[in-house]
Structure formats: C-alpha cells, structure tokens
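Below, each chain spelled out in residue letters.
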Amino acid sequence: GAGVSQSPSNKVTEKGKDVELRCDPISGHTALYWYRQSLGQGLEFLIYFQGNSAPDKSGLPSDRFSAERTGGSVSTLTIQRTQQEDSAVYLCASSILTGGEGNTIYFGEGSWLTVV
Amino acid sequence: GIQVEQSPPDLILQEGANSTLRCNFSDSVNNLQWFHQNPWGQLINLFYIPSGTKQNGRLSATTVATERYSLLYISSSQTTDSGVYFCAVERYFDDMRFGAGTRLTVKP
C-alpha cells in the first residue's frame, strides 16, 4: 500500500479481554517496528521484525504481550488479559532497510486502545 | 542500550521566530531521524540524517556524529510548526530509540 496501515484505529475494551492490533507495512518494506505511546509521553520501543523474525523481544512490557509477523508482511500485536495501564496509542512503522535513505522509517496513524 | 536526550523539553515561540532543538546520543549510530508529531498524533518524517547537514524549506538539520549530537533548526516559525519534535537513533538496525521529545508551541 501507499502507507503503513493500522487497524483498528480505535478500540475500547473491557479489562481482562484480549485484543489484537494489526499492522500492514508499506509494500516491500522488510523491517517493521512496534511502539507504544501513552498520553503526553514519548515512544516506547516494543519489538522489531526483520522479515518474519524478531531478534529481540525484550522490549515487550510483559508476557501478556506477543507479536508475530507472517509472510514478511502483516504483523499482529496481541495483548492478553488487558489492564488499564495498557491504554495507549500503539504505533507501527516500517522501512525498506537497504541502507542510506532506505533506512528511513515511516509510521502508521496508530491504534488508540482504551481499557475500561 | 543507547540513550537519547533532547533539549529543551518545552519551547514557546512567537510566530516568525527561529529556534534550535538539540539531540544528544550516547553511542555511535547508523541511523538518526527527526520526526514531527502533529496535534493529531501523526508522526511525520523530517530528516534522515546520521551525519552531515540537510535543508528542507524552513527546516534544516545537522548531525555531528563524532560528537554525538544533532541539531534541528526551524526558521521563521509558523503556528503549523507546533507539536512535538522527536529525535530517534538506531545503532545496529534492530531497534530505533526515541528521545523524550521537544514540545514546541508557536503563538500567532
């Protein structure tokens, strides 16, 4: 696609429910990043994919969080047993990672998650 | 991991003024980018600048890699420049780390 696409754009869920957030990167982009941004705060790195593999999962805040990427394209971030502190914007970004300007990362518009 | 510090944390300007935002980082990097987050939350790329100087209209950026800092210059500021400016760095192409940002308010 023309840009990074995220869905849903907004999600309100009850505490304890599971949620899935989806990211469709720019076509041909091999690198994919997930970040979390709480209201008025900076960006917290969650996980990075190069192709389908995630070399480092230590950024995920707890074992309730998991992420996968299949076919080197779409990625899903899953939060199990949501808590109120999970409320935030979840941002996805991608890059083509060919060196030079190809390392530029582009963000989607985010998925706004509210846990009530 | 690599540390990224941005200053100042907040900046208030009158329309037409110039400003300089700073980003310090703790280790050598292969990737450095500046972003603008608009009031609607969208993150927009401004510059890919791991070293050297670039200009785009009223904005320019300089990174001195050997001294581990980058500067973003905004000239003749406009109200539409308001928002948060983030610096982000990447050492090994595996995690892009963001600074806490500079919140810029441009008053008419």
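None of the values given here were measured: they were computed from a predicted structure.

The rules we used
Residues numbered from 1 in each chain as written. Chains lettered and ligands numbered in written order. Predicted model: local features only at pLDDT ≥ 70, side-chain atom pairs only at ≥ 80, totals over all residues. Heavy atoms only, no water. Helix = DSSP H or I, 4+ residues; strand = E, 2+ residues; numbered from the N terminus. Buried < 20%, exposed > 50% of the residue type's maximum accessible area, 1.4 Å probe, protein only. Contact = heavy atoms within 4.5 Å. Areas by Shrake-Rupley, 256 points an atom, 1.4 Å probe, with all protein chains shown as cover. Pairing = 2+ DSSP bridges. Axes fitted to C-alpha atoms, helices over the stretch in contact; angles between N-to-C directions. Buried area = accessible area lost by both parts, 1.4 Å probe. Salt bridge = Lys/Arg side-chain N within 4 Å of Asp/Glu carboxyl O. Polar contact = N/O pair within 3.5 Å; in protein donor to acceptor, adjacent residues only side chain to side chain. Nonpolar A, V, L, I, M, F, W, Y, C, P; charged D, E, K, R; others polar.

Novice: Honestly, the overall build of chain B in this entry has me stumped. Any pointers?
Specialist: For chain B, the count of helices and strands is zero helices and 11 strands. Walking chain B from its N terminus toward its C terminus, one meets helices and strands in the order β-β-β-β-β-β-β-β-β-β-β. Projected onto the principal axes, the alpha-carbon positions of chain B cover approximately 40 × 25 × 20 Å. Each of the 108 residues in chain B was classed as buried or not, and the buried ones make up 49%. Residue pairs in contact within chain B that sit at least 24 positions apart in sequence constitute 55% of those at least 6 positions apart. Summed over all atoms, the accessible surface of chain B reaches about 5100 Å², with 48% contributed by carbon and sulfur.

Novice: Can you help me understand the sheet that holds strand β6 (residues 65-69) of chain A in this one?
Specialist: In sheet architecture, strand pairing relies on hydrogen bonds along the backbone and comes in two forms, parallel and antiparallel. All names here are of chain A. Taking strand neighbours across the sheet as the criterion, the four strands line up as β1-β3-β7-β6 in an open arrangement whose pairing is antiparallel. The open sheet has two edge strands, β1 (5-7) and β6, and neither has a second partner. Averaged over all pairs of adjacent strands, the angle between their axes in this sheet comes to 15°, without regard to strand direction. Bridge analysis of β6 against strand β7 (residues 75-79) gives five bridges, and the strand direction is antiparallel. Of the residues in β7, the one forming a bridge with Glu-68 is Thr-76.

Novice: I tried to follow the interface of chain B and chain A on my own but got confused; where do I start?
Specialist: You'll often see interface size given as the accessible area lost when the parts meet. Between chain B and chain A, the contact holds 19 residues from the first and 21 residues from the second. Between chain B and chain A, roughly 1600 Å² of surface is buried when both sides are summed, and carbon and sulfur atoms account for 54% of that area. On the surface where chain B and chain A come into contact, there are zero salt bridges. Counting the contacts that link chain B with chain A gives five residue pairs in polar contact (both at pLDDT 80 or more). Only β4 (31-37), β5 (43-48), β9 (83-90) and β10 (96-98) of chain B provide two or more residues apiece to the side of chain B that touches chain A. Broken down by element, the residue count for the side of chain B that touches chain A peaks at four residues, all from β4(B). A per-class count over the side of chain B that touches chain A returns eight nonpolar, five polar and six charged.

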